[in-house]
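Chains, contacts and geometry: an overview
Listed here are the chains, written in short residue letters.
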Amino acid sequence: MGDLLKLFNFKLLIYFVSALGLLYIVYPFTSIVIFIDIENTIKSIQRPELVDALVLSIVTASISTAIVILFGIPLAYFLSRYDFPGKSLLFIIVIIPLVLPPLASGALLLGVFNPNSGISNLFPEVDFTQSTIGIILAQTYVASPFMILTSMAAFGTIDRTLENIARILGKRNWQVFVQITLPLAKKGILIGIVMTWVRAIGELGATLMLAYNPHTLSIQIYEDNAIGGLSYAIPSIILSIILSMILVVVYTTLIKKFDTRNLSRSQVFNFDNIRRHD
Amino acid sequence: MYLKIVNVTKIYPGFKLGPINLTLDHNQVLVLIGATGSGKSTLLNITTGLIKPDTGSIYVDDIDITRLPIESRKIGYLTQKPSLFPHMNVYKNIVFGLKKRVEKDLELKIRSLVEAFELAHLLDKSIDMLSGGEMQKVALARMLVLEPKIMLMDEPLAHLDNMTRIKLRMDLRRLLKEKKILGLYVTHFEDDVYALADSVAILKDGLIIKSDTLKTLLSLKNNNVSDIENPMYEVFQNDHNYLEGRVIESKQGLATFLAGEHKIEILGEFPIGSVVGIMIKPEDIILTLDMIKTSARNSMKLMIVKMENSVSDKIGVIDVQLASQSFLLRSKITVESKNYLRLKEGQIINAIFKATTPHVIRNEPMPYYDVKEEKNGGNILTNP
């Protein structure tokens, strides 16, 4: 009886804490209801600068994600497959953008890409700051750890025997990578891609420092709020909420799809229950 | 075609493999036995190129392949787990190692392999749908389609149930012989030796302590009264009875073969003149003082050469070694039975077992040693 009571109390506690957590996440959305002026919102959601900001965010986040894929996946493969001195130091360097405050990352990037920097002098016709390139630089920098870490984890879970067998079957290293390693790491890599994209879309701090103009959606929310208060920022917030919803649906669909598949596979490959009969 | 391993060593913290010297030729199957941790898998991995040896060389037909990349060695390899590619169906797994275009004549080869392994109905199945035996067949077909001249096998049947294992093992030996593939098979199971080997090498603590033809090792086993002098006892302390001989009669599901001077009846039909090998557990041999009428089809008069307390069993079990002119048979009985029958060394006694008891683990047109001796009079194994 005492045990039952304890269990009941524990369950109640979990419900209570979960409810508090949910309330904390959901409550800010009520501000939309309080501050929304529907007529004004519909009108201002069509403001050209808002539409431009939305398009710019989607385009830059996509380009940044593509760039991160190009260098992130090989880097993740390198870190997960090869042993060399200083590997753990390199790992720390790779995750620095994840733990560094985005404003600090932006400041570091500004140090490298400001108009008087060496790189800017090397490419005088390229605008690294206050430009689309600046936005992409900021996004790739802060979002790269998501791609690298998830891909590393994905490469780490692959049974190395499969890669070895592929080589014994006559495939070269790059063929093994393309035909075996990448397809088997697909789940982790896809999740990494979605997370990188989400991070790039939401990016504000580093972009503030490096490329305040042209405005991404995040910068637009920041500026609208600064100029006209929350009610003025509501339309851009609604746009970002819609975008987030789409991303969440994509993300959960991907995870569900792969999880069900992996479940059946792990059941089949569990040899530990099979014993010789003699 | 030959595979030659010369002075190969590999040192790990706390373990040294080698120097290993081993030669395989004339399409023979060499079974490498040894306890867990004796270095069997390391030696296979060095041969495939997955592990680099510290010293020594590996030759295939005079070509030094020691520094050759894995993919250029053209050596087949079967691992303990089938290691099929989970993101491909059965067909794609089988043709994975082929070049991009599957030519017409190749398609015929694939089809004949698929039919030999009874995989035709599974080709478009995902590999999650296969049983353990089917998976290992796909893994074998995936290697054989590349027509390797050498096949390395690291206990590929260990995870299968007994019946599947016996069947697949017989298929494996038949295929290796048909396709003239040199086989190096690693195991720590005694029956694998009798079922697959032309010759045997025994690895202990990183060194090959004995290597010879199965025939020689069997005669050593049968003639040695002391277990310790029997090299196979080093690995398989609880050894089974293995008998082989030519089939002289086969009808209505019952076959008779000659093991030395004794006729032995077993279940199954086999080609007359072919050689069968059977395995019987010592505990399945019943000893009687008089000739009695029983349902058991096999009864033979043998002499008790040795009786001792069983090392590998519980207290109260006696190992009895019985000898005929040409083979040794082991039986396990309780102390009570020994006392009841008043058994003594040197006594002649009847050993009986049913035709349904033995497992047939080998069947081939000719004895392996005849094939070898016809082709090659010399010693096929070198041991430093």
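Because the structure is a prediction, the values reported are computed rather than measured.

**A look at the interface of chain B and chain A**
- The interface is formed by 33 residues belonging to chain B together with 24 residues belonging to chain A.
- Carbon and sulfur atoms make up 69% of the area that chain B and chain A hide from each other, which totals about 2,800 Å².
- Summed over the shared surface of chain B and chain A, the number is one salt bridge.
- Note that glutamate 71 of chain B and arginine 167 of chain A form a salt bridge whose closest N and O atoms lie 2.4 Å from each other.
- Our count for the chain B to chain A interface comes out at three residue pairs in polar contact (both at pLDDT 80 or more).

**Considerations on the pattern of salt bridges**
Residue and element names in this part refer to chain B.
- Taken as a whole and assessed by the stated rule, the structure comprises 26 salt bridges over all chains.
- Ionic pairing is found between lysine 137 and glutamate 118, a salt bridge with its closest N-O pair at 4.0 Å. Here glutamate 118 lies in the loop between helix H3 (104–116) and helix H4 (132–144) and lysine 137 lies in helix H4, a separation of 19 residues in the sequence.
- Classification of lysine 137 by relative accessible area gives buried; the value is 17%.
- Ionic pairing is found between arginine 174 and glutamate 178, a salt bridge with its closest N-O pair at 3.3 Å. Taken together, the residues span about one helical turn, with arginine 174 and glutamate 178 both in helix H5 (residues 162–178) at a distance of four residues.
- In the salt-bridge network here, residues are joined through shared partners; they are Arg173, Lys177, Asp198, Arg362 and Glu364.

**Re the sheet that holds strand E7 (residues 150–154) of chain B**
Residue and element names in this part refer to chain B.
- Spatial strand order, E6-E7-E8-E3-E9-E10: six strands in an open sheet with mixed pairing. Looking along the sheet, the strands with just one partner apiece sit at the ends: strand E6 (75–78) and strand E10 (207–213). Geometrically, the sheet is characterised by an average inter-axis angle of 15 degrees between neighbouring strands, direction not taken into account.
- As paired elements, strand E9 (residues 199–204) and E10 share six bridges and run antiparallel to each other. Residue pairing in the sheet places serine 199 in a bridge with threonine 213 of E10.
- The strands touched by H4 are E6 and E7; relative to E6, the strand with the most contacts, the crossing angle is about 175 degrees.

**Concerning helix H1 (residues 40–48) of chain B**
Residue and element names in this part refer to chain B.
- In terms of residue burial, H1 counts as a mostly covered element, since eight of its nine residues are buried.
- All buried positions along H1 are accounted for by Lys40, Thr42, Leu43, Leu44, Asn45, Ile46, Thr47 and Thr48.
- Following H1 by one or two positions, glycine 49 adopts a phi angle in the positive range, close to 100 degrees.

**A few points about the side chain of glutamate 163 of chain A**
All names here are of chain A.
- Mapped onto the secondary structure, glutamate 163 falls in helix H8 (residues 160–168).
- By relative accessible area, which is 6% here, glutamate 163 ends up buried.
- Here glutamate 163 is in contact with Arg81, Ile158, Val176, Ile180 and Thr181, once residues within four sequence places are set aside.

**Observations regarding the sheet that holds strand E5 (residues 63–64) of chain B**
All names here are of chain B.
- The four strands lie next to each other as E2-E1-E4-E5, forming an open sheet whose pairing is antiparallel. The sheet is open, and its two borders are formed by strand E2 (15–25) and E5, each paired with just one other strand.
- The pairing of strand E1 (residues 2–12) with strand E4 (residues 55–60) spans five bridges and is antiparallel. Among the inter-strand pairings, isoleucine 5 is bridged to a residue of E4, identified as isoleucine 58.

**Here we look at the environment of proline 102 of chain A**
Residue and element names in this part refer to chain A.
- Looking at the secondary structure, you find proline 102 in helix H5 (residues 102–113).
- Judged by relative accessible area, proline 102 falls into the partly exposed class, the value being 31%.
- Spatially, the C-alpha atoms of proline 102 and valine 142 are 7.0 Å apart, while their sequence positions differ by 40 residues.
- Filtering out sequence-adjacent residues up to four positions away, proline 102 remains in contact with Arg199, Glu203, Gly205 and Ala206.

**Structural notes on the packing of aromatic side chains**
All names here are of chain A.
- The tally for this structure, following the rule as stated, stands at 10 aromatic pairs over all chains.
- Ring centres of tyrosine 77 and phenylalanine 177 lie 4.7 Å apart, and the angle between their planes is 70 degrees; this geometry places the pair in the edge-to-face category. Remark: phenylalanine 177 occurs in helix H9 (residues 173–184) and tyrosine 77 occurs in helix H3 (residues 48–81); sequence separation between them is 100 residues. Of the two residues, tyrosine 77 and phenylalanine 177, both sit in the buried class.

**What to know about the pairing of strand E17 (residues 317–323) of chain B**
Residues and elements named next belong to chain B.
- By the criterion of burial, E17 is predominantly enclosed, with seven of the seven residues buried.
- Burial along E17 is two-sided: the residues Val317, Asp319, Gln321 and Ala323 and Ile318, Val320 and Leu322 are all buried.
- Direction of pairing for strand E16 (residues 298–309) relative to E17: antiparallel, over a ladder of six bridges. Residue lysine 306 lies in a different strand from E17, and its bridge partner there is glutamine 321.

**Focus on unusual backbone geometry**
- Residues asparagine 213 of chain A and proline 214 of chain A are joined by a peptide bond in cis, for which omega reads -15 degrees.
- Here proline 214 of chain A lies in the loop between helix H11 (205–210) and helix H12 (217–268).
- Phi at glutamate 147 of chain B is positive, roughly 50 degrees, even though this residue is not glycine.
- Here glutamate 147 of chain B lies in the loop between H4 and E7.
- Overall, the relative accessible area of 47% leaves glutamate 147 of chain B in the partly exposed class.
- For lysine 180 of chain B, which is not glycine, the phi torsion reads 55 degrees and is therefore positive.
- As for its position among the elements, lysine 180 of chain B is in the loop between H5 and strand E8 (182–187).
- Judged by its relative accessible area of 47%, lysine 180 of chain B is partly exposed.

**Some words on the packing of H5 of chain A against helix H7 (residues 132–156) of chain A**
Residue and element names in this part refer to chain A.
- Between H5 and H7, whose axes approach to 10 Å, the crossing angle comes to 130 degrees. Here H5 lies oblique to H7, going by the angle between them. Both H5 and H7 take part in a crossing whose hand is right-handed. Packed against H5, whose contacting residues are Ser105, Leu108, Leu109 and Phe113, the element H7 presents Leu137, Ala138, Tyr141 and Val142 at the interface.

**Quick look at helix H4 (residues 87–99) of chain A**
- Counted at 1.5 Å a residue, the expected span for H4 of chain A with its 13 residues is 18 Å, and the 19 Å between its end C-alpha atoms agrees.
- Along its length, H4 of chain A shows its largest kink, about 25 degrees, at isoleucine 93 of chain A, and proline proline 97 of chain A lies within four residues downstream of that point.

**Some details on the environment of lysine 344 of chain B**
All names here are of chain B.
- Along the polypeptide, lysine 344 turns up in the loop between helix H8 (335–341) and strand E19 (348–353).
- Residues lysine 344 and methionine 303, 41 residues apart in the sequence, show an inter-C-alpha distance of 9.7 Å.
- Apart from residues lying up to four places away in sequence, lysine 344 is in contact with Ile304 and Met307.

Rules used in this analysis
Residue indices begin from 1 for each chain and proceed along its sequence in written order. Whichever chain is written first is A, and whichever ligand is written first is 1; the rest continue in order. Whole-chain, interface and lining totals are the exception, using all residues; otherwise, since this is a predicted model, local features are given only for residues with pLDDT of at least 70 and side-chain atom pairs are given and counted only at 80 or more. Only heavy atoms go into the side-chain values, all of them from the structure, while hydrogens and water stay out. Contacts are assigned to residue pairs with any non-hydrogen atoms lying within 4.5 Å of each other. Computed with a 1.4 Å rolling probe, the buried area is the accessible surface lost when two parts are put together, summed over both parts. Note on definitions: salt bridges are taken to be side-chain nitrogens of Lys or Arg within 4 Å of carboxyl oxygens of Asp or Glu. Within 3.5 Å is the distance limit for a polar contact, defined as a pair of N or O atoms, with the added protein rule that one can donate a hydrogen and the other accept it, and that residues adjacent in sequence qualify only through two side-chain atoms. Each helix corresponds to a stretch of at least 4 residues labelled H or I by DSSP, and each strand to a stretch of at least 2 residues labelled E; elements are numbered beginning at the N terminus. When a residue's accessible area, from a 1.4 Å probe over protein chains only, is under 20% of the maximum for its type it is buried; when over 50% it is exposed; and in between it is partly exposed. Here a strand pair is declared whenever DSSP counts at least two bridges between the two strands. Helix axes are fitted to C-alpha atoms over the stretch in contact, other axes to C-alpha atoms as well, and angles between N-to-C directions run from 0 to 180 degrees. Whether two aromatic rings pair depends on their centres lying within 6.5 Å, for rings of Phe, Tyr and Trp, where Trp uses its six-membered ring; planes under 30 degrees apart make the pair stacked, over 60 edge-to-face, and the rest tilted. Geometric relationships in this document are graded by angle, where less than 35 degrees denotes roughly parallel, more than 145 denotes roughly antiparallel, 65 to 115 denotes roughly perpendicular, and other angles denote oblique. Take the far helix as your reference; a near helix turned counterclockwise from it by less than a right angle gives a left-handed crossing, and one turned clockwise gives a right-handed crossing. Multiply 1.5 Å by the residue count of a helix minus one, and that product is the helix's expected span. Note on bend: the value at a residue is the angle between axes fitted to the seven residues ending there and to the seven starting there.

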